[in-house]
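Here is how the chains run, residue by residue.
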Amino acid sequence: QVQIVESGGGLVQPGGSLRLSCAASGFTLDYYAIGWFRQAPGKEREGVSCISSSDGSTYYGDSVSGRTTISRDNAKNTVYLQMSSLKPEDTAVYYCALRERLCAPDLYEYDYWGQGTQVTVSS
């Protein structure tokens, strides 16, 4: 069956770093654009980053620009989200989402979603 699993979340101190992973089974991730979204309590889900399949183009939301890197490891069938200089406002559940080939700004354009991984930034 098709499975998408996010991992790497946890508790991190402000200013710290972490790497989130999005791993797939049942199909090959390199055929898809992979988006990262996050949702904090009481807030709408927002886009964080995306990497396309066709040309490897990357995109970053304004809230994380300059301190976030998205990358793809096709051999491991995994996409990573490296975040640094973390702030308490980065606290959220982070979701990995897939759509065909190209990145899209609207979360409703993504067809497959993982269950999310909790990131908590606190002292």
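Residues numbered from 1 in each chain as written. Predicted model: local features only at pLDDT ≥ 70, side-chain atom pairs only at ≥ 80, totals over all residues. Heavy atoms only, no water.

The subject of this paragraph is the nonpolar core. Core analysis: the largest hydrophobic core is formed by 26 residues, its most contacted members being Ile34, Trp36, Val79, Leu81, Tyr94 and Leu98. Elements with a minimum of two residues in this core: strand 3 (18–25), strand 4 (32–39), strand 5 (46–51), strand 8 (78–83), strand 9 (92–100) and strand 11 (117–121). Those residues within four positions of Ile34 in sequence are excluded, and the remaining contacts are Cys22, Leu29, Ser49, Cys50, Ile51, Ile70, Arg72, Val79, Cys96, Ala97 and Leu98. Of all hydrophobic cores here, the second largest spans 8 residues; its members include Phe37, Ala97, Cys103 and Ala104. (Core = buried A, V, L, I, M, F, W, Y, C linked by side-chain atoms within 4.5 Å. Buried < 20%, exposed > 50% of the residue type's maximum accessible area, 1.4 Å probe, protein only. Helix = DSSP H or I, 4+ residues; strand = E, 2+ residues; numbered from the N terminus. Contact = heavy atoms within 4.5 Å.)

Moving on: the side chain of Arg99. Among the structural elements, Arg99 can be located in strand 9. Judged by relative accessible area, which is 15%, Arg99 ranks as buried. Within the structure, the side chain of Arg99 is placed 3.2 Å from the backbone oxygen of Glu109, a separation counted as a polar contact. When residues no more than four places from it in sequence are discounted, the contact partners of Arg99 are Tyr32, Ala33, Ala104, Glu109, Tyr110 and Asp111. (Polar contact = N/O pair within 3.5 Å; in protein donor to acceptor, adjacent residues only side chain to side chain.)

Any two side chains of opposite charge can pair, so long as their charged atoms come close to each other. Per the stated rule, a full pass over the model turns up 5 salt bridges. Here Asp90 ties to Arg67 by a salt bridge, and the two come within 2.8 Å at their closest N and O atoms. With Asp90 in the loop between strand 8 and strand 9 and Arg67 in the loop between strand 6 (58–60) and strand 7 (68–73), this pair connects stretches of sequence that are 23 residues apart. (Salt bridge = Lys/Arg side-chain N within 4 Å of Asp/Glu carboxyl O.)

One pass over the structure, following the stated rule, counts 2 disulfides. The disulfide partner of Cys22 is Cys96, and the gap between their sulfur atoms is 1.9 Å. For the disulfide bridge between Cys22 and Cys96, the dihedral angle about the S-S bond is near -70°, and by the sign convention the bridge is left-handed. Here the residue Cys22 occupies a position in strand 3, and Cys96 occupies one in strand 9, the gap between them amounting to 74 residues. The exposure classification of Cys22 matches that of Cys96, with both residues buried. (Disulfide = S-S within 2.5 Å.)

Turning to the packing of aromatic side chains, a few remarks are in order. Going through the model one piece at a time under the given rule, you end up with 7 aromatic pairs. Summarising the aromatic geometry, the rings of Phe37 and Tyr110 are spaced 5.2 Å apart at their centres and angled 75° between planes, so their arrangement reads as edge-to-face. Of this pair, Phe37 sits in strand 4 while Tyr110 is found in the loop between strand 9 and strand 10 (112–113), placing the two residues 73 residues apart along the sequence. Taking relative accessible area as the criterion, Phe37 reaches 3% and is therefore assigned buried. By relative accessible area, which is 5% here, Tyr110 ends up buried. Among the aromatic residues, ring-to-ring pairing joins Phe37, Tyr95, Tyr110 and Trp113 into one connected group. One cation-aromatic arrangement involves Arg19 over Tyr80; the distance from NZ or CZ to the ring centre is 4.2 Å. The ring of Trp113 is capped by Arg45, whose NZ or CZ atom sits 5.1 Å from the centre of that ring. (Phe/Tyr/Trp six-rings, centres within 6.5 Å; stacked < 30°, edge-to-face > 60°. Lys NZ or Arg CZ within 6 Å of the ring centre and 35° of its normal.)

On the secondary structure map, Gly9 appears in the loop between strand 1 (3–7) and strand 2 (10–12). For the pair Gly9 and Ile51, spaced 42 residues apart in the sequence, the C-alpha separation amounts to 20 Å. Gly9 has contacts with Leu20, Thr117, Gln118 and Val119, leaving out every residue within four places of it along the chain.

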